[in-house]
Amino acid sequence: MTVSFLLAGPHLDRVRLGGLLLLRRVGVLVRDGRWMTVPGRLLRTDPGTTANSSSLSLSLDVRHGADFSWRGTATVTEDSLTFAFDGRAERDFERTRIGLCLIHPPHLAGTPVEVNGQAAGEFPQRISPHQIFTGIRTMRYRDGGALVTIELDGETFETEDHRNWSDAGYKTYGTPLGLGRPVTVRRGDHVHQRLHLTVTDYPPSQSRPPRRRIRGGPTTRVRLRIPQPPSEDPLAFAEPHTQREKPAGGTLPSVGLYLRRPPVDGRKLAGPSFLHGTVDLDEPGWREVADRFSAAARAAGATLTLSAVCSSSDQVAALRDVPGLDTLLVFDRTHGTPRELAEAARRSFRRMPPPFHGAQVPFAGPPVRIGGGSRAHFAELNRAVSLPSDLLDLVCFPIAAQTHHDDEASARETLAVHPLLVGQAAEHCLPVLVGPVGLLPTFGFAAPRGAHDPAPSALFRTTWLTAALITLANAGAAAISVDACDAADAMSSGLRHVLAALRPFVGGQLVDAGLPAGLVGLAVHHGGRRLVLAAALDADGRGDGHRDGDGGHCGGGGGGGGEPVFIGTRGYTVTTVTGGGDAGGVVVQEHPPGTETTALTAPAVAILIAPRKPHTRRTPPSEGDH
């Protein structure tokens, strides 16, 4: 065993010791005065020189727009990684953060940590609303039997719980949030920081595998990778993959569509149970926007949910005249729900709300369901000092999988965090509406895309959104709204079929889908019928999008690959959403009746519907049953 990493653009990804994942990512983060991330572009990589033959070194040249550039060196040995960079401001600019960023894997939850030689607590199991560790120079903890020591130089560091933004893990970064910002950086100013990670007290490996040469060029991905030891190795630690836990025995939630602007023709949106839009009551034309949302919902045969952004509680009463309003989510300019705003909503609408899964009467007028929480991220809900739960009918928050990271592997990993988010939000003892749910935030900053990670394909977006619906439904969400912007080019095909298949089963009983590893799935019984929905995001079950060996791929593009996963489909009508045609295309195919098995190669979706509960098999069999 030896320490290894994958180079993905300007980042060091998946730092490992054999099969043990030590760090999900190491990189240099640059944020400007508006808190926007300035993407780094990898200009050149060169094999470095080392003092002895027991180490490998790699040099990187990276530039962040016109503002900042740096040269870094990463060196690995059998039990260590050293990464240091020296950066230079190319012009005067304002920054909120420049420096090293470490992403710790989520399996460290509950692990005790020493900071600067003193016991400092542990990586939390619950999602921590605030910084976990501060003033960090050194961190030390045990992981899989190994002792991991991290030394940091050149800045003051702290650690936060990145699950607040649905990211999988914890983040250690420079420039503490408590410091004043933004700060002016002058042309020619230098920044030098260093990370030194060592691993000790680990069992000896059977034999040291040979080193692989460094490969790649100025515009290609470079991999510095050592083959993993056998799975029985005492340090082998499987990364969380996408197979979700069994549902808690709840019901299928209402599934809606979030629209950033009212559609021209709502009749084309048949499928979702409700439409979800936002109106800003400070905008002069907000009433026209609200009426257009209402008309679209009527045309689609759906109910209407509005997020209302207010500067004053006096504005809420004007919403009483919006036709067909079913659910109102109220927020102030800080993206939260203060008590005075909830009180104003309660004064304007009757107290008793309609049930989530009752008979749909979209245009019966008040009563209206009142909700609140956060319209930014789960972090704002988690940090709310006092949510007026006694005045609300539901609590809500959105999910954006690519707020901080633009690669598909990171988006896949966020699925494992969804049950934690829903479970913690449900502690307010209210039904949970999660939405909008998408890859990118519906407002504010987002991870900008660099040349190394293209925008996800329509097929990947459709598959990820389907997987998110599955994980959130199994976790107990009462309602979910999917961001239509993320699926605009897929709505007429893949996602439209998914939403249309779910709608007749809303309120049905969720049961264990019994699907093989490598799939995310749900199963629901309703009215004597059965629906099974399956999403294949990573067919090998590892959840990282990377393969070992010279023939591997490194994710990106959503083009598929890997081994297919077989599911039994006897007694079901089958519809699959797969790739084909032009790059990134989506193909919806209805399979002939009597199909015995269906193969899914990630990314892909399968919709299985049985007209009545199968007698011979209660769940689709796994691949091993054939």
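Preceding this section is the structure that the text describes.
Source: prediction; values computed, not measured.

Caption draft 1: Geometry of the overall build of the protein chain. If you tally the helices and strands in the protein chain, you get seven helices and 34 strands. Of all 626 residues assigned to the protein chain, the portion counted as buried reaches 57%. Of all intrachain contacts in the protein chain linking residues separated by at least 6 positions in sequence, the fraction that spans at least 24 positions is 69%. Surface exposure of the protein chain reaches about 24200 Å², of which carbon and sulfur atoms provide 51%.

Caption draft 2: The arrangement of the pairing of strand β34 (residues 604-610) in detail. For β34, the tally of buried residues reaches seven of seven residues, placing the bulk of the element in the interior. Residues of β34 alternate between two faces, with A604, A606, L608 and A610 on one and V605, I607 and I609 on the opposite face, all of them buried. Here strand β29 (residues 529-536) pairs with β34 via seven bridges, running antiparallel. Paired with R530 across the two strands is A610, which belongs to β34.

Caption draft 3: Geometry of the pattern of salt bridges. Under the counting rule described, the total for this entry stands at 28 salt bridges. In this structure, R333 engages D280 in a salt bridge whose closest nitrogen and oxygen atoms are separated by 2.4 Å. Highlighted residues: R333 in the loop between β22 (325-331) and α2 (339-348) and D280 in strand β20 (residues 274-280), separated in sequence by 53 residues. Looking at D280, the relative accessible area reads 21%, which means it is partly exposed. Here E596 and R570 are joined by a salt bridge, their closest N and O atoms 2.9 Å apart. A residue pair is termed long-range when its members are at least 10 positions apart, and E596 in the loop between β32 (587-590) and β33 (597-600) and R570 in the loop between β30 (565-568) and β31 (573-578) qualify at 26 residues.

Caption draft 4: Up close: unusual backbone geometry. Between G435 and P436 the backbone carries a cis peptide bond, its omega angle lying at -5°. If you trace the backbone, P436 turns up in strand β25 (residues 432-438). In this chain, A602 is followed by P603 through a cis amide linkage whose omega measures -5°. Within the secondary structure layout, P603 lies in the loop between β33 and β34.

Caption draft 5: Structural detail: helix α7 (residues 494-502). Along α7, the residues that are buried comprise G494, L495, V498, L499, A501 and L502. For α7, the buried positions fall inside an angular range of 165° around the axis, keeping them on one side.

Caption draft 6: Molecular detail of the sheet that holds strand β12 (residues 138-143). Strand order across the open sheet formed by nine strands is β4-β5-β6-β7-β17-β13-β12-β9-β10, with antiparallel pairing between neighbours. The strands lining the two open edges of the sheet, one partner per strand, are β4 (40-47) and β10 (118-122). Across this sheet, the average inter-strand angle for adjacent strands is 20°, counted without regard to direction.

Caption draft 7: Looking closely at the environment of E94. Relative to the elements of secondary structure, E94 occurs in strand β8 (residues 93-104). Among residues more than four places away in sequence, those in contact with E94 are R31, D32, G33, P182, V183 and T184.

Caption draft 8: Quick look at the nonpolar core. The biggest cluster of nonpolar side chains holds 86 residues, and the ones touching the most others in it are L275, L306, L319, L328, F397, V434 and W464. Ranked by the residues each element gives to this core, the list is headed by helix α6 (residues 458-475), at 10 residues. Leave out the neighbours within four places in its chain, and L306 touches G277, V279, A290, F293, V322, L325, T327, L328 and L329. In this structure, L17, V38, V62 and I150 belong to the second largest nonpolar core, which totals 49 residues.

Caption draft 9: Seen up close, the environment of S273. Residue position: S273 is located in the loop between β19 (254-258) and β20. With relative accessibility at 4%, the residue S273 sits in the buried group. Placed 229 residues apart in sequence, S273 and L502 show a C-alpha to C-alpha distance of 8.9 Å.

Conventions and cut-offs
Residues numbered from 1 in each chain as written. Predicted model: local features only at pLDDT ≥ 70, side-chain atom pairs only at ≥ 80, totals over all residues. Heavy atoms only, no water. Helix = DSSP H or I, 4+ residues; strand = E, 2+ residues; numbered from the N terminus. Buried < 20%, exposed > 50% of the residue type's maximum accessible area, 1.4 Å probe, protein only. Contact = heavy atoms within 4.5 Å. Areas by Shrake-Rupley, 256 points an atom, 1.4 Å probe, with all protein chains shown as cover. Pairing = 2+ DSSP bridges. Salt bridge = Lys/Arg side-chain N within 4 Å of Asp/Glu carboxyl O. Arc of directions from axis to C-beta. Axes fitted to C-alpha atoms, helices over the stretch in contact; angles between N-to-C directions. Core = buried A, V, L, I, M, F, W, Y, C linked by side-chain atoms within 4.5 Å.

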